[in-house]
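# Structure at a glance
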Amino acid sequence: MKKQIKISVSDPITTAKDFIDAWKRAEQGKSVAAEYKLNFENLETLLKTLTPGRWILLKTLHKIGPMTIRGLANELSRDYKNVHTDVRLLKNLGLIDRTEDNEIEVPWTIVEARLQLAA
């Protein structure tokens with residue numbers, strides 16, 4: 001299980017600069033700790049993507065552990081189709097994985113979201 005992913009709002013230039021800096025450190029033979037980040041261009045996009053329903057889905061799946069989408073939909077008392085849509089989006093973002101048994105799971109022990117009021 002992966003340890004931690006950091007979710008934040010960051011403009012593309014800053015995100016690219018962070019990547020380039022890490023790349024240069026690695027080229028120089030310096031130790032580069034693996035960091036998992038999910039950056040959104042703005043707060044509006046983050047909130048549109050990580051809706052309260054999707055956040056509850058993540059928390060529930062993390063708490064219960066690997067299960068089928070149908071099982072998760074039943075646990076959440078939500079429509080299967082809507083849960084399936086949410087799971088697909090969260091999987092594409094890297095917040096959900098599939099197990100060897102083809103169940104879904106949250107591979108993170110910590111999901112940290114940071115928001116700044118001002119730059």
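Our structure's up above, just so we're on the same page.
Residues numbered from 1 in each chain as written. Predicted model: local features only at pLDDT ≥ 70, side-chain atom pairs only at ≥ 80, totals over all residues. Heavy atoms only, no water.

## Digging into the overall build of the chain
- Counting its secondary structure elements, the chain contains 5 helices and 5 strands.
- Sequence-ordered secondary structure for the chain, helices as α and strands as β, is β-α-β-α-α-α-α-β-β-β.
- Along the first, second and third principal axes, the C-alpha atoms of the chain reach 50 × 35 × 20 Å.
- For the chain, the proportion of its 119 residues judged to be buried stands at 26%.
- Intrachain contacts of the chain at a sequence separation of at least 6 include 66% that bridge at least 24 residues.
- Roughly 8400 Å² of accessible area belongs to the chain as shown, and the carbon and sulfur atoms make up 53% of that amount. (Helix = DSSP H or I, 4+ residues; strand = E, 2+ residues; numbered from the N terminus. Buried < 20%, exposed > 50% of the residue type's maximum accessible area, 1.4 Å probe, protein only. Contact = heavy atoms within 4.5 Å. Areas by Shrake-Rupley, 256 points an atom, 1.4 Å probe, with all protein chains shown as cover.)

## Remarks on the packing of aromatic side chains
- By the definition in use, this model includes 2 aromatic pairs.
- The cationic tip of R70 hangs over the ring face of Y80; the distance from NZ or CZ to the ring centre is 4.3 Å. (Phe/Tyr/Trp six-rings, centres within 6.5 Å; stacked < 30°, edge-to-face > 60°. Lys NZ or Arg CZ within 6 Å of the ring centre and 35° of its normal.)

## Comments concerning the packing of helix 4 (residues 69-76) against helix 5 (residues 80-92)
- Where helix 4 meets helix 5, the closest approach of the two axes is 9 Å, and the angle between their N-to-C directions is 115°. Judged by the sense of rotation from one axis to the other, the crossing of helix 4 with helix 5 is right-handed. When helix 4 is examined against helix 5, the residues I69, R70, L72, A73 and L76 are found in contact with a partner set consisting of Y80, V83, H84 and V87.
- Residues of the contact of helix 4 with helix 5, tallied by class, amount to 7 nonpolar, 1 polar and 1 charged. (Axes fitted to C-alpha atoms, helices over the stretch in contact; angles between N-to-C directions. Left-handed = near helix turned anticlockwise from the far one by under 90°. Nonpolar A, V, L, I, M, F, W, Y, C, P; charged D, E, K, R; others polar.)

## A closer look at a nonpolar patch on the surface
- A grouping of V9, L43, L47 and L115 is seen on the molecular surface, where their side chains present a nonpolar patch of about 330 Å² in accessible area.
- Along the chain, L47 falls in helix 2 (residues 43-49). (Patch = residues over 30% accessible without salt bridge, like charges linked within 9 Å, V, L, I, M, F, W, Y side chains within 5 Å. Salt bridge = Lys/Arg side-chain N within 4 Å of Asp/Glu carboxyl O.)

## A short note on the pattern of salt bridges
- Within the structure shown, the criterion is met by 3 salt bridges.
- Across the salt bridge formed by R78 and D86, the nearest N and O atoms sit 2.6 Å from each other.
- Overall, R78 belongs to the partly exposed group, its relative accessible area being 27%.
- In this structure D86 comes out as buried when scored by relative accessible area, which is 7%.

## Observations regarding the side chain of T60
- Tracing the backbone shows T60 in helix 3 (residues 52-64).
- Among the polar contacts listed, one links the side chain of T60 to the backbone oxygen of I56, at a separation of 2.8 Å.
- Not counting residues up to four positions away in its chain, the partners in contact with T60 are L72, E75 and L76. (Polar contact = N/O pair within 3.5 Å; in protein donor to acceptor, adjacent residues only side chain to side chain.)

## Digging into helix 3
- In this model, helix 3 (13 residues) spans 18 Å end to end at C-alpha, consistent with the 18 Å of a helix rising 1.5 Å per residue.
- Among the residues of helix 3, those classed as buried are R54, L57, L58, T60 and L61. Take helix 3 and look down its axis: the buried residues cluster within an arc of 170°, on one side only. In helix 3, the exposed positions that point more than 90 degrees away from the buried face belong to P52, K59 and K63. (Expected span 1.5 Å × (residues − 1). Arc of directions from axis to C-beta.)

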